[in-house]
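Analysis of the macromolecular model
Okay, here's what each chain looks like letter by letter:
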Amino acid sequence: MTVTDWTSRYQRAVMNTFGTPQRVLVRGEGAYVWDADGKRYLDLLGGIAVNALGHGHPAILAAVSTQLATLGHISNFFASEPQIELAERLLSIVGHDGRVFFTNSGTEANEAAFKATRRTGRTRIVVAEGSFHGRTMGSLALTSKESYRAPFEPLPGDVTWVPYGDTAALDAAVDESVAAVLLEPIQGEAGVVVPPADYLRAARDITNRHGSLLWLDEVQTGIGRTGAWFAHAKSGVVPDLVTVAKGLGGGIPIGACIALGDAGTLLQPGNHGTTFGGNPVATAAALAVIDTIERDGLLDNALKVGDFFRGGLADHPLVADTTGRGLLVGIVLTAPVAADVQKAALDAGLIINNATPDRVRLAPPLILTVEQAADAVTTLRSILDGLKL
Ligand SMILES: Cc1ncc(COP(=O)(O)O)c(C=O)c1O
């Protein structure tokens, strides 16, 4: 069966929400994947910031198979050891006391946080333009892209939009009616957009002044992606709610709503629930991911390899800017040719993402080596050299 055969079967059987798949992949190892025709690709997208340890990492394999052989699933009428340990571990890497609610995805982590904000007695949420928080109805209400939202109106309301990174606009938008300000520390889907250095600190001060919660969506930026456990760590702010998913399970579906301090008790018995959230296998996988990031020094590696990418591409005449931190890399092009770059890269054996018409995004496994990045930079530069503008 070739990629073409599999693609036509996909098109007949799988709902067409994602368009035609770029390739049908059959195998992965480390930072590489192979398609059904046997072609190898260096995976610089990592399942969109998910495969923190790459593909087929022995630590995840061991954790998942051992846990599945021991205790695979229980209901939330019961608790399991990996679930409790992961909650403790997440609080310890955030660095504050609180409570964790486990989910299966980023959008569900945000749904949990959204519901928690309603328990403040206020309803208004202030969100940034350019935001992406997920596709379920609640998270979609907080996602800015009009084309995603419009077909599904009415969505949960009382949402105020502010320009991302604009402290004065945030200050003007927040008052005593605001339950929470929701921000991504770096906007991933928007193409790796980094706010001014003091933005999160200002957001904390503004929310403190009005008794509003500060909710940071670290679904894409969390768990080592930016070279720190959380992208907000550098700012020194202590948020009330932090949502994570993607890299947390390294490819096993899991998310979490981490509620710090008093926010940890906003959701009470009966207020929220899930069948799979906190599943022993998923939480065991996440513990293995966190342990491996720590043991193998992958936070430092993410910083080193990410800087290598930015340094290796910044001076190309078609590159207007390089953005992001660690291994969340944005390449801002001087023309809207990101889709052409993505296509040419795929043909050349590189998986990258055209996040917007003029922005390429890289979010590779945190295990990526400088040598692998150097090969990729050489390929990307020659693709950019060959573009006819
Ligand atoms: C910042 C952010 N929040 C939420 C989500 C939604 O996560 P999921 O696709 O796991 O529902 C994403 C996914 O791209 C994201 O980048």
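See the structure shown above.
The sections below set out a description of the structure shown in this document. (Residues numbered from 1 in each chain as written. Predicted model: local features only at pLDDT ≥ 70, side-chain atom pairs only at ≥ 80, totals over all residues. Heavy atoms only, no water.)

1. Overview of the overall build of the chain
Within the chain one finds 13 helices and 15 strands. Taking 2.2 N^0.38 as the reference for a compact globule, 389 residues should give roughly 21 Å; the C-alpha atoms of the chain span a radius of gyration of 21 Å, in line with that estimate. In the chain, which comprises 389 residues, the proportion classed as buried is 54%. Long-range pairs, those at least 24 residues apart, make up 70% of the contacts in the chain with a sequence separation of at least 6. Taking the 31 positively charged and 40 negatively charged side chains of the chain as two groups, their mean positions are separated by 3 Å. (Helix = DSSP H or I, 4+ residues; strand = E, 2+ residues; numbered from the N terminus. Rg over C-alpha atoms; globule rule 2.2 N^0.38 Å. Buried < 20%, exposed > 50% of the residue type's maximum accessible area, 1.4 Å probe, protein only. Contact = heavy atoms within 4.5 Å. Lys, Arg positive; Asp, Glu negative; His and termini not counted. Charge placed at Lys NZ, Arg CZ, Asp CG, Glu CD.)

2. Some remarks on the sheet that holds strand E5 (residues 124-128)
Read from one edge to the other, the open sheet built from seven strands follows the order E4-E10-E9-E8-E7-E5-E6, with strand pairing classed as mixed. Each of the sheet's edge strands pairs with one partner strand only, and the pair in question is strand E4 (98-103) and strand E6 (159-162). Recorded for the sheet is a direction-independent mean angle of 20° between the axes of neighbouring strands. When strand E7 (residues 178-183) meets strand E8 (residues 213-217), the two strands line up parallel, connected through four bridges. Looking across to E8, one finds that leucine 182 is bridged to tryptophan 215. Each of E4 and strand E10 (255-260) touches helix H4 (residues 81-94); the most contacted strand, E4, lies at about 125° to it. (Pairing = 2+ DSSP bridges. Axes fitted to C-alpha atoms, helices over the stretch in contact; angles between N-to-C directions.)

3. A word on helix H13 (residues 370-386)
Taking 1.5 Å of rise per residue, 17 residues should cover 24 Å, and H13 covers 24 Å from first to last C-alpha, within 8% of that figure. Turning to H13, its buried residues number three or more, namely Gln372, Ala373, Ala376, Val377, Leu380, Ile383 and Leu384. Angular distribution of buried residues about the axis of H13 spans 135°; they occupy a single face of the element. Projecting away from the buried face of H13 at angles above 90 degrees are the exposed residues Glu371, Asp375, Thr378 and Asp385. (Expected span 1.5 Å × (residues − 1). Arc of directions from axis to C-beta.)

4. Remarks on the packing of aromatic side chains
If you walk through the whole model with that rule in mind, you get four aromatic pairs. With 6.5 Å between their ring centres and 50° between their planes, tyrosine 32 and tryptophan 34 make a pair best called tilted. Taken as a pair, tyrosine 32 and tryptophan 34 share a single burial class, namely buried. Between tyrosine 164 and tyrosine 199, the aromatic rings sit 5.6 Å apart at their centres with planes inclined by 85°, giving edge-to-face as the arrangement. In this pair, tyrosine 164 is assigned in the loop between E6 and helix H8 (167-173) and tyrosine 199 in helix H9 (residues 199-210), connecting sequence segments 35 residues apart. Since its relative accessible area comes to 15%, tyrosine 164 is described here as buried. Taking relative accessible area as the criterion, tyrosine 199 reaches 0% and is therefore assigned buried. For the cation-ring pair, arginine 40 lies above tyrosine 32, with the distance from its terminal atom to the ring centre recorded as 3.9 Å. (Phe/Tyr/Trp six-rings, centres within 6.5 Å; stacked < 30°, edge-to-face > 60°. Lys NZ or Arg CZ within 6 Å of the ring centre and 35° of its normal.)

5. A closer look at the site of the ligand
Residues in contact with the ligand amount to 13 residues; listed here are only the nearest, Gly106, Thr107, Asp217, Gln220 and Lys246. The separation between a nitrogen atom of the ligand and a polar side-chain atom of aspartate 217 is 2.7 Å. Within the contact set of the ligand, an oxygen atom lies 3.2 Å away from a side-chain nitrogen or oxygen of lysine 246. Out of a free accessible area of 390 Å², the ligand has 83% covered by protein chains. Broken down by element, the residue count for the shell around the ligand peaks at three residues, all from helix H5 (residues 106-118). (Near = heavy atom within 4 Å. Polar contact = N/O pair within 3.5 Å; in protein donor to acceptor, adjacent residues only side chain to side chain. Areas by Shrake-Rupley, 256 points an atom, 1.4 Å probe, with all protein chains shown as cover.)

6. Focus on the environment of leucine 366
Position of leucine 366 relative to the elements: it lies in the loop between strand E15 (359-362) and H13. Sequence-wise, leucine 366 and asparagine 301 are 65 residues apart; in three dimensions their C-alpha atoms are separated by 6.8 Å. Not counting the four nearest positions on each side in its chain, leucine 366 is found in contact with Asn51, Ala52, Ile223, Gly224, Arg225, Ile293, Leu298, Asn301, Ala302 and Leu327.

7. So, the packing of helix H3 (residues 58-70) against helix H10 (residues 280-295)
One can describe the packing of H3 onto H10 by two numbers: an axis separation of 8 Å at closest approach and a directional angle of 150°. Between H3 and H10, the interaxial angle falls into the category roughly antiparallel. Between H3 and H10 the crossing geometry is right-handed. Across the interface between the two elements, Ala59, Ile60, Ala63, Val64, Gln67 and Leu68 of H3 pack against Pro280, Val281, Ala284, Ala285, Ala288, Val289 and Thr292 of H10. The residue inventory of the contact of H3 with H10, partitioned by class, reads 11 nonpolar, two polar and no charged. (Parallel < 35°, antiparallel > 145°, perpendicular 65-115°, else oblique. Left-handed = near helix turned anticlockwise from the far one by under 90°. Nonpolar A, V, L, I, M, F, W, Y, C, P; charged D, E, K, R; others polar.)

8. Considerations on the nonpolar core
Most often, soluble globular proteins have nonpolar side chains that are buried together. Formed by 63 residues in total, the largest nonpolar core has its most connected members in Leu90, Leu248, Ile258 and Phe309. Looking at this core, the element that brings in the most residues is H10, giving eight residues. Not counting the four nearest positions on each side in its chain, isoleucine 258 is found in contact with Leu90, Leu91, Val94, Arg99, Val100, Phe230, Asp240, Leu241, Val242 and Val244. (Core = buried A, V, L, I, M, F, W, Y, C linked by side-chain atoms within 4.5 Å.)

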